[in-house]
Amino acid sequence: MTYGPGQGPGPLPLSDEELSDLLAGHRFGVLATNKRDGVPHLSTVAYHWDPEARVARISTTADRAKVRQLRRDPRAALHVATPDHMAFVVAQGEAELSAVSEAPGDEAGRELLSLEPPYENAADEKAFLEQMVKDRRLVIRLRASRLYGTALDVPGRAGGGS
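Values in this document were obtained by computation on a predicted structure and should not be read as measured data.

**Quick word on the overall build of the protein**
Point 1. Assigned secondary structure in the protein consists of 4 helices and 8 strands.
Point 2. Helices and strands appear in the protein in the N-to-C order β-α-β-β-β-β-α-β-β-α-α-β.
Point 3. In terms of principal-axis extent, the alpha carbons of the protein reach across some 60 × 45 × 25 Å.
Point 4. Counting every position in the protein, which comprises 162 residues, the buried fraction comes to 35%.
Point 5. Considering only residue pairs separated by 6 or more positions, the protein has 68% of its internal contacts joining residues 24 or more positions apart.

Structure representation (structure tokens):
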């Protein structure tokens, strides 16, 4: 389909289930937090989406700006786009922070481990848990109170025009 000047495909609303599926189908997004002066702070992050709990889990280190900002103001949003940028979803809500992993195999370390594919070798799992302590890692849990987004009505695209 050809569009004239200033014309293009229109947006298609996505259901809550379609938005959740879009989040579940990707691993990278952009986390928006709030700086002290109100200016948004954006970070590219890897995340794991739990559709039943409506929680995005993000591994990070305790010294990151996003952690300081979320301690002060827990409001955040995670933006995820399809590779072709023809659809996007935003998970908006409040974030909570796990404890920092302080001992291999502690609760924070186990939650971090749950975000990874299973290790076949127990020594690799042990090394992972030790590294989480060395890195001072924790989990950001973004509890989505709202999902929103759209897809462009492009012919040939699932849900798109004729």
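Once you've had a look at it, read on.
**Describing the pattern of salt bridges**
Point 1. By the definition in use, this model includes 10 salt bridges.
Point 2. Residue R110 pairs with E125 through a salt bridge whose shortest N-O separation is 3.0 Å. Placement of R110 in helix α3 (residues 107–114) and of E125 in helix α4 (residues 122–135) is noted, with a sequence separation of 15 residues between them.
Point 3. Taking relative accessible area as the criterion, R110 reaches 40% and is therefore assigned partly exposed.
Point 4. Between E111 and R141 there is a salt bridge, with the nearest N and O atoms lying 2.7 Å from each other. Taken together, the residues E111 in helix α3 and R141 in strand β8 (residues 137–152) connect sequence positions 30 residues apart.
Point 5. Among the residues examined, E111 registers a relative accessible area of 14% and is labelled buried.

**Observations regarding the packing of aromatic side chains**
Point 1. In total, this model carries 1 aromatic pair according to the counting rule given.
Point 2. Here the aromatic rings of Y119 and F128 are separated by 5.7 Å at their centres, their planes lie at 45°, and the arrangement is tilted.

**Topic: helix α1 (residues 16–24)**
Point 1. Taken residue by residue, α1 has L19, S20, L22 and L23 as its buried positions. End-on, the buried residues of α1 take up no more than an arc of 155°, which puts them together on one face.
Point 2. In this structure, the buried residues of α1 make contact with β4 (48–50), β6 (75–81), β7 (87–97) and β8.

**Some details on the nonpolar core**
Where a protein is soluble and globular, its nonpolar side chains tend to be buried together.
Point 1. In terms of nonpolar packing, the biggest core is built from 26 residues, with L23 and L78 touching the most fellow members.
Point 2. Counting residues per element, the ones that place at least two in this core are α1, β5 (55–61), α2 (65–72), β6, β7 and β8.
Point 3. Take this core: its biggest share by element is 6 residues, from β8.
Point 4. Apart from the residues within four sequence positions on either side, L23 is in contact with Y47, W49, L78, V80, V89, A91 and L147.
Point 5. Judged by nonpolar contacts, the second largest core, of 7 residues, contains L113, L115, F128 and M132.

**Here we look at unusual backbone geometry**
Point 1. A positive phi angle is found at R54, which is not glycine, with a value near 55°.
Point 2. Summarising the element assignment, R54 is placed in the loop between β4 and β5.
Point 3. Under the relative-accessibility criterion, R54 is labelled partly exposed at 23%.
Point 4. For H85, which is not a glycine, the phi torsion comes out positive at approximately 60°.
Point 5. Locating H85 in the fold gives a position in the loop between β6 and β7.
Point 6. Assessed through its relative accessible area of 61%, H85 is described here as exposed.

Definitions and limits used
Residues numbered from 1 in each chain as written. Predicted model: local features only at pLDDT ≥ 70, side-chain atom pairs only at ≥ 80, totals over all residues. Heavy atoms only, no water. Helix = DSSP H or I, 4+ residues; strand = E, 2+ residues; numbered from the N terminus. Buried < 20%, exposed > 50% of the residue type's maximum accessible area, 1.4 Å probe, protein only. Contact = heavy atoms within 4.5 Å. Salt bridge = Lys/Arg side-chain N within 4 Å of Asp/Glu carboxyl O. Phe/Tyr/Trp six-rings, centres within 6.5 Å; stacked < 30°, edge-to-face > 60°. Arc of directions from axis to C-beta. Core = buried A, V, L, I, M, F, W, Y, C linked by side-chain atoms within 4.5 Å.

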